[in-house]
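Per-entry structural report
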Amino acid sequence: MAVRDEVRDAQRALAILDAAHRRAVARLDQALARRSDVLAEADRQVAAAQGGVETAIADMARQVSADLTATVLGLDVAEVRRLAKSCPTATTNTNGRAR
């Protein structure tokens, strides 16, 4: 009977350890999902900010010239011209602020 008790104890211990492992894996999966959501939102914010910069460059180029914009901002003239052609026009007030 002593062997049976040892087997039962070992089975119980194994079941406890297995349950702890499953909980740990579930917590890891949840953390990875949260991280993925946070990174996706940060990527969206970065893309929106990048679009704002590109639109501002394009607006400047349309209003003062691609050459002057490239010189002032330290950019390549070809890149400024590309942005001026491809970016939508932002409407601005006379004080330079977007409406």
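So, a few notes on the structure that sits alongside this text. (Residues numbered from 1 in each chain as written. Predicted model: local features only at pLDDT ≥ 70, side-chain atom pairs only at ≥ 80, totals over all residues. Heavy atoms only, no water.)

Before going further, it helps to spend a moment on the overall build of the protein. Looking only at helices and strands, the protein has three helices and zero strands in total. Buried residues in the protein amount to 13% of all 99 residues. Considering only contacts within the protein whose residues lie at least 6 apart along the sequence, 39% involve residues at least 24 apart. As presented, the protein carries roughly 7900 Å² of accessible surface, and 58% of it is formed by carbon and sulfur atoms. (Helix = DSSP H or I, 4+ residues; strand = E, 2+ residues; numbered from the N terminus. Buried < 20%, exposed > 50% of the residue type's maximum accessible area, 1.4 Å probe, protein only. Contact = heavy atoms within 4.5 Å. Areas by Shrake-Rupley, 256 points an atom, 1.4 Å probe, with all protein chains shown as cover.)

Looking now at the packing of helix α1 (residues 2-64) against helix α2 (residues 66-73). The geometry of α1 relative to α2 is characterised by a closest axis approach of 7 Å and an angle of 130 degrees between their N-to-C directions. Judged by the inter-axis angle, α1 sits oblique to α2. Contacts from Ile57, Met60, Ala61 and Val64 of α1 reach α2 at Ala66, Leu68, Thr69 and Leu73. For the contact of α1 with α2, a count of residues per class yields seven nonpolar, one polar and no charged. (Axes fitted to C-alpha atoms, helices over the stretch in contact; angles between N-to-C directions. Parallel < 35°, antiparallel > 145°, perpendicular 65-115°, else oblique. Nonpolar A, V, L, I, M, F, W, Y, C, P; charged D, E, K, R; others polar.)

As a further point, take the pattern of salt bridges. All chains considered together, the criterion is met by seven salt bridges. A salt bridge links Arg22 to Asp18; its shortest N-O distance comes to 3.2 Å. Placement of both Arg22 and Asp18 in helix α1 is noted, with a separation of four residues, approximately one turn of the helix. We note a salt bridge from Asp59 to Arg62, for which the minimum N-O separation is 3.1 Å. (Salt bridge = Lys/Arg side-chain N within 4 Å of Asp/Glu carboxyl O.)

What follows covers helix α3 (residues 77-86). Within α3, burial applies to Val80, Leu83 and Ala84. Down the axis of α3, the buried side of the element spans an arc of 100 degrees, and every buried residue falls inside it. Summarising the contacts, the buried residues of α3 are in contact with α1 and α2. (Arc of directions from axis to C-beta.)

With that settled, consider unusual backbone geometry. Although it is not a glycine, Ser65 adopts a positive phi angle of roughly 125 degrees. Mapped onto the fold, Ser65 is located in the loop between α1 and α2. Among the residues examined, Ser65 registers a relative accessible area of 29% and is labelled partly exposed.

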